[in-house]
Amino acid sequence: MKVGRIAVLISLVIAAAARADAPGVFAITNGSVHPVSGPEIRNGVVIVRNGLIEAVGSNVAVPPDATVIDAAGGHVYPGLIDAHTELGFSRRTPSESRQPQERQPQERQPEPTAATVAAETISVTTADLDARRRTGVTTVVAVPSAGIFSGQSVVLNLSDGEPASRVIRTPAAVHASFATRPAWTFPDSLMGVIAHLRQTFLDAQHHAAARTAYDRNPAQPRPAVSPELDALLPVVRRELPIVMVADSEEMIRRAQAIAREFSLRLIVSGAREAFGMSAQELRGVPVLVSVDWPAAPTDQAEREEQPLRTIRRRVLAPTTPGVLAGNGVQFALVSGTTAAREFLPGIRKAIANGLTAGDALRAVTLTPARVFGVDRQLGSLERGKIANVVITDQPIFERAAKVTELLVDGLRVRVQAAEEEARDRSPVNGTWNLTVLAPQGNISIAVTLRAETGRVTGTYSGDRGSGEITGGFLDRRALQFTISAQLDAETHDWVFRGTITDDEIEGTVTTNLGSFEFSGSKEP
Amino acid sequence: MKIFLGILLLLAPALAAQERVTAITNATVLTVTNGVIERGTVLIRGSKIAAVGSNVTVPAGAHVIDASGRYLFPGIIDTHSHAAVEGRVNEASLPNTGMVRVADALTADDISAYRQLAGGTTTALVLHGSANAIGGQGQIVKWKWGRPIAEWVVPDAPRTIKFALGENPKSANFRPPPGIDRQYPATRMGVEEVVRKSFVDAHDYIARWEEYEARRKRGEQVIPPRRDLLMETMAGILRGNIDVHSHAYRADEILMLMDVARDQGFQVRAFQHVLEGYKVAREMMAAGVGGGTFIDWWGYKAEAYDATPYNVALMVRNGVLTSVNSDSDELARHLNYDAAKAMKYGGLTEEEAMRLCTINAAKLLRLDHRIGSIEAGKDADLAIWTGHPLSTYSRVETTFIEGEIYFDRTTDLRQREERAREKADLLAKERARRPE
Amino acid sequence: MRLLQIFVALLFTAPLTAQSLIPNNPGVKGTVAIRNATIYPVTSAPIANGTIVFSNGVITAVGADVTLPEGATVIDGSGLSVYPGLIDSGTTVGLVEIDSVAGTVDTTELGTMNPNARADVAVNPHSEVIPVTRVNGITNVIVAPEGGVVSGQSALMQLAGWTPTEMTVKAPAAMHLRFPRLRSAPAWARRDDESERVRRRTYRAELDGLRDLFRDARAYSRAHAARTIDRNVRRFDRDLVLEALVPVVEGRVPVAVEANLERDIREALKFVDELELKAILVGGQDVAKVLPDLKQRGIPVILGPILALPPREDDPYDLLFTNAAALHQAAIPFAFRTNDAHNARNLPYHAASSVAFGLPKEEALKAVTIYPAQIWGVADRLGSLEPGKSANLFVSDGDPLEIRTNVLRIFIAGEEIPLDSRHTLLYEKFRRRP
């Protein structure tokens, strides 16, 4: 553990040296520059030199040694910061194994503790980097999501080069959640988790006091070393914030109660149901709102059967950022546990639900930088800050916006190809042979689908004629599209709603004759 | 100016609640503690009952509810509920989880609270489950549906803890999943040992702290003992700061815990369920232990085979402070039925029966100075019934907690449509917002 | 070692399966007259100061002006009431002694299709549950198997008799179905999960399996009929599963279909239509949403338990309390059940709670007496106090739907049964503890 930490320190030193040597002078010209720290500069110039921003303005001379990046018609932003991700940690699924009816022997993976240092255990693949960068994200806060204490997070720049050189700040915070352990392991209930949290903070306080007392008077039993409790000392001393995952109002209040009891610097992450909370209730608590919005069940009957309470929370969740902005609450937008490609669509949904684009931008740039104390380096286009710059062809939160250029640590990163590649890899792409289970008998329809940005296009043919599909979209694995079904002289819209699992699809088709089940598989 | 107005508007309901005077007139008032008042008036000022009687002057400006032909009954108190707990109701991963608090996991989302209001129930002791010998600390709440959970908590209520004896803590009727070992204990012997050892440890814990304090006062630089939340809880019981409510069925285990309590120096406040309380009612009486029981349930477990509906009457006749409890979101809606059954099975008087779900329960919870009867000075927790609450044909019209209406049948009927409309609107909004 | 285990097991279970020591009936069927009582025949207006006479188990006279027969045992009913015995239209009385002790539970057979399971063969006439139930005025119950999709055949039993045969009034009373249910995924389940597919697949498989089974039974019935007429039709082996369904597909025995949510009820009605079955809807929590559909088909409903929680969070709190009134207004026949064993004695209170929400009192009483007798096809013998019917009745000090009312005497098939039960005996024992 110790060795690892020293290694990071050393590599930080090396990284700093390496960056100083890095060549790279760029002049980004003719674009609309959004510094975030100040008003938009139409036709502005951003000069990048040796990894840092050298100048930002409308009347900035292009240095002769600069490579010019012409952003005409485009928009220039500071690189986005996603302030809560699991990037670099393989997704474990404790929530699945926690289901009460699960009766298989549970595989016990070692749970992270407060002593788990993300900067040491993180393992970022090229694919991870690509996936984040193509959404304009240049910096993440990364930490595993498992466990009650999930460890110490790292603020990481998504640059190329040595992994250790990407670290902006470690530890950024200690992370905790109310996640229960598997049944029959303490604590396996919410109230047990809270008791455990409380005891752990007490133990951390005691650990420090014991050590102090021992140092003054060694003639008594020597307290044992405890990396887990040591790791919490900066938290109980308010030197380091604690990020607690809490979605509902009540969970947020529970997190606040613990923070109050132990005088902790709390950051709430999740908060998707905080739309009902007042400014007063959230005063002094930065909030990382996860844009992993709850999805409606694909089945209509099931959707309607849900209680009003659930529907209210689901439908109103995306209004949370707008409400928080209106209440003057300090908040960032984060992807949380959702996939990288859901980040921008999630932000767009918040904007569709009352958040202004300006507030959204701030929530993924300067605010998260401030929350994690890295706003001297990151979060805006200002002289002296790290040159994380994203250039888009349209305003960044527009659905069709494309990242055309990305600079991380002052170096250009290719993103365009990656995005197309991602679309090519969409699970929906291909030809699907579908069977509709109608009472009159099975109906066969083949559809060839392709994912575009935010939608699905394609053609169909089979027992009910052929043509182009309409209204196609993919929401994670929920696919919907419409065909014009022809039988004899009549044409009717048939709306297919299904869920893709690997190469299979199942769902319901709503027709003029009623709703039928359908299923199908993708041609290899 | 605008801000000032806003503040005024915010304060308005709070002020109104304090000043609000409600008079419920012409009702048959079942005070429970002071007999029945025909054509009586109950005057509510703010959160308290201001006056009760047949000659109460209704002050000008009071909101008057004419309850002619109706009955007024105290809010029913349930001494055993598991409603409004988020997540599992058991932290059964260890034989003793006394550090766990139900209060930490309460949620204002549980519709059971509202349904109970519709049955005239206003207060409950929300308890941990019974899967381990010492489960966790309970919380007394009022079902203030629609208010944040912090307001449900009865702030000055005694602290409580739930123990459990018999089949459940010895895991008689369930097994852990494959790959996980059975947990100690597996017999009533083991349950006794878990309880006894917890208190023996707590005595040591107290002694350890006393030693530390003594040495510290002498100016020694000593490491303080670890603050252990479980041991703090056990010590709290020994100091009389936490009331023990113990789930128990059989007579032997009831006697066992009373023995351990005597040995270890703590008091059992009440046995919960206490199906065989009738067999040892005089021992319970002698030890000053009460009982919260249900009337009907029997035969669902071996230890419930000797349960009888006469249990209540026998305990009451032996001088045991007895209430009827629910342990069920369903039964909690009609504890008045269970109270009535004590008249049928064992011949309690009407007043004795009414006490079972009101003042006796309040006494078991040590809140009888505030709730459990219709008396001036008590919390205005009461319900207007269409008939006598011990009649199966009666239902609740309106339920008050601390002077506020939390259930009203007319409002309920109206809100059904409103809620349906809101649901349809939200779903429509969601459909419209789905990607095109 | 193994012997020892068996020995221990016996030791452990022996006291649990102990049989009730209460006599099942004294075996005296003389002539009895109860006079000066308020008599509630149920099928006609109450008779103040009336007399009821029964002899050899059968009611011979009911009225205000009845001559007492010679040699009759005369009971003075001054200030008391006489009611027909109550009928619980769905219980597991006699099939279960202690729920958590598997050896005493015979409610649920393995597998999903058990039309050949018969409740009447597994009823323990000496169960402690029987006296506990009958001392509250319940003289007859439907004992129905549980579980699976086709749970098995129920029997209408009277709560007196020394053998199951003596107890049986009618068997089979109905073929019981727990209609397949498509349920929303529980809150903790992931939406796009494999479980979603499994749920749908299981549901479809159950529905298909049910249809196939009944179609097979119909074919079996036709084949059997063909062979009865023409011995040249090829012989085939008997199949007890299908044979059990023959009276059902031939419309001689009803299916009692348990379905609660609207979509399940509608699916069940489709099934009943398709297979042309005589049906009784059981449970029916959403019954108010399908009234015209039931009315049009003439399908009666067994409601209950009423003292139960509504199935969905958003349901009105009184959903189950108001169903009976809705059925009454729609003139759809209905009766109540407790769906219980140990607490079947609370049947009258399930009925009463509907009165608080709009059901006329008399209707509530009928729904635990004459209506169930009609629905189960025994109204010629049970359900009211009329000459010619079985003398299943009780004397009380008031309205039996009120908890505070005490049942004072009870007669089943004309024999007076002592009002003892495990509970009264324990009470008497410990009341006298020195």
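A. Examining the interface of chain B and chain A more closely. Each partner contributes to the interface: chain B provides 40 residues, whereas chain A provides 45 residues. The dominant element in the side of chain B that touches chain A, judged by the number of residues it contributes, is helix α12 (residues 409-433) of chain B, at eight residues. A breakdown of the residues in the side of chain B that touches chain A according to their chemical character gives 17 nonpolar, eight polar and 15 charged.

B. Looking closely at the sheet that holds strand β10 (residues 242-248) of chain B. All names here are of chain B. Reading across the sheet, the eight strands line up as β6-β7-β8-β9-β10-β11-β12-β13 and stay open at both edges, with mixed pairing between neighbours. The open sheet terminates on both sides in strands that have one partner only, identified here as β6 (76-81) and β13 (322-324). Taken pair by pair, the neighbouring strands of this sheet meet at an average axis angle of 25 degrees, ignoring direction. In this structure, β6 lies alongside strand β7 (residues 121-126), joined through four bridges in parallel fashion. Looking across to β7, one finds that Asp-78 is bridged to Ala-124. The sheet strands contacting helix α5 (residues 229-238) are β8 (134-142), β9 (159-164) and β10, and the helix crosses β10 at an angle near 100 degrees.

C. The interface of chain B and chain C, seen in detail. Contacts between the two partners involve 36 residues from chain B, matched on the other side by 33 residues from chain C. Where the side of chain B that touches chain C is concerned, the elements lending two or more residues are α2 (111-117), α9 (335-344) and α12 of chain B. Residues belonging to the side of chain B that touches chain C are distributed by class as follows: 16 nonpolar, eight polar and 12 charged.

D. Inspection of the confidence of the model for chain B at higher detail. Taken as a whole, chain B shows an average pLDDT of 94; of its residues, 95% reach a score of 70 or greater. Across the interface, the model reports ipTM at 0.94; the global pTM reads 0.88.

E. Fine view of unusual backbone geometry. Between Thr170(A) and the following residue, Pro171(A), the backbone shows a cis peptide bond with an omega angle of -10 degrees. Following the sequence through the fold, Pro171(A) ends up in the loop between β10 (167-169) and β11 (174-177). Across the junction of Tyr184(B) and Pro185(B), the peptide omega takes the value 5 degrees, indicating a cis bond. Looking at where Pro185(B) falls in the secondary structure, it is placed in the loop between β9 and α4 (188-217). The phi torsion at Asn43(A) lies on the positive side, around 55 degrees, for a residue other than glycine. Within the secondary structure layout, Asn43(A) lies in strand β2 (residues 41-49). We note that His273(B) has phi near 75 degrees; this positive angle belongs to a residue other than glycine. Tracing the sequence through the fold places His273(B) in strand β11 (residues 268-273). Classification of His273(B) by C-beta neighbours within 10 Å gives buried; the count is 26.

F. Geometry of the environment of Asp78(B). All names here are of chain B. Tracing the backbone shows Asp-78 in strand β6. Taking the C-alpha atoms as reference points, Asp-78 and Val-324, separated by 246 residues in sequence, lie 7.3 Å from one another. When sequence neighbours within four positions are dropped, the list of residues in contact with Asp-78 reads Thr-121, Ala-124, Asn-325, Ser-326, Ala-332 and Leu-335.

G. Spotlight on the nonpolar core. Formed by 377 residues in total, the largest nonpolar core has its most connected members in Val46(A), Val268(A), Val287(A), Leu72(B) and Val257(C). Setting aside residues up to four positions removed in sequence, Leu72(B) forms contacts with Ile24(B), Ala27(B), Val29(B), Leu30(B), Val42(B), Ala67(B), Ile374(B), Leu382(B) and Ile384(B). If you look at the next biggest cluster of nonpolar residues, it comprises 22 residues, including Val428(A), Leu479(A), Phe496(A) and Ile500(A).

H. Quick peek at the sheet that holds β11(A). Residue and element names in this part refer to chain A. Ordered in space as β8-β11-β12-β13-β14-β15, the six strands form an open sheet in which the pairing is mixed. On the outer flanks of this sheet lie β8 (149-152) and β15 (331-334), each paired with one strand and no other. Neighbouring strand axes in the sheet, compared pairwise and without regard to direction, differ in orientation by 20 degrees on average. Two elements, β11 and strand β12 (residues 242-246), share four bridges in a ladder whose sense is parallel. Bridge pairing in β12 places His-175 opposite Val-243.

I. Local environment of helix α5 (residues 240-249) of chain C. Residue and element names in this part refer to chain C. Taken residue by residue, α5 has Leu-242, Ala-244, Leu-245, Val-248 and Val-249 as its buried positions. Down the axis of α5, the sector holding all buried residues measures 155 degrees, keeping them to one side. Of the residues one or two after α5, Gly-251 is the one with positive phi, at around 80 degrees.

J. Geometry of helix α7 (residues 249-262) of chain A. Helix length check: α7(A) (14 residues) gives 20 Å between terminal C-alpha atoms against 20 Å at 1.5 Å per residue, within 8%. The complete set of buried residues in α7(A) reads Glu249(A), Glu250(A), Met251(A), Ile252(A), Arg254(A), Ala255(A), Ile258(A), Ala259(A) and Phe262(A). Buried residues along α7(A) sit in contact with α5 (190-216), α6 (227-236), β12 and β13 (266-270) of chain A together with α3 (149-152) of chain B.

K. Summary view of the packing of α4(B) against helix α6 (residues 251-264) of chain B. Residues and elements named next belong to chain B. Interhelical geometry of α4 versus α6 gives an angle of 20 degrees and a closest axis separation of 10 Å. In this view, α4 runs roughly parallel relative to α6, as classed from their interaxial angle. The way α4 lies across α6 gives a crossing that is right-handed. For the pair formed by α4 and α6, the contact residues are Arg-188, Glu-192, Val-195, Arg-196 and Phe-199 on the first element and Glu-253, Met-256, Leu-257, Val-260 and Gln-264 on the second. Counted by class, the contact of α4 with α6 contains five nonpolar, one polar and four charged residues.

Parameters and conventions
Residues numbered from 1 in each chain as written. Chains lettered and ligands numbered in written order. Predicted model: local features only at pLDDT ≥ 70, side-chain atom pairs only at ≥ 80, totals over all residues. Contact = placed C-beta atoms within 7 Å. Helix = DSSP H or I, 4+ residues; strand = E, 2+ residues; numbered from the N terminus. Nonpolar A, V, L, I, M, F, W, Y, C, P; charged D, E, K, R; others polar. Pairing = 2+ DSSP bridges. Axes fitted to C-alpha atoms, helices over the stretch in contact; angles between N-to-C directions. pLDDT = per-residue confidence, 0-100. Buried ≥ 20, exposed ≤ 12 C-beta atoms within 10 Å, placed from the backbone. Core = buried A, V, L, I, M, F, W, Y, C linked by C-beta atoms within 7 Å. Arc of directions from axis to C-beta. Expected span 1.5 Å × (residues − 1). Parallel < 35°, antiparallel > 145°, perpendicular 65-115°, else oblique. Left-handed = near helix turned anticlockwise from the far one by under 90°.

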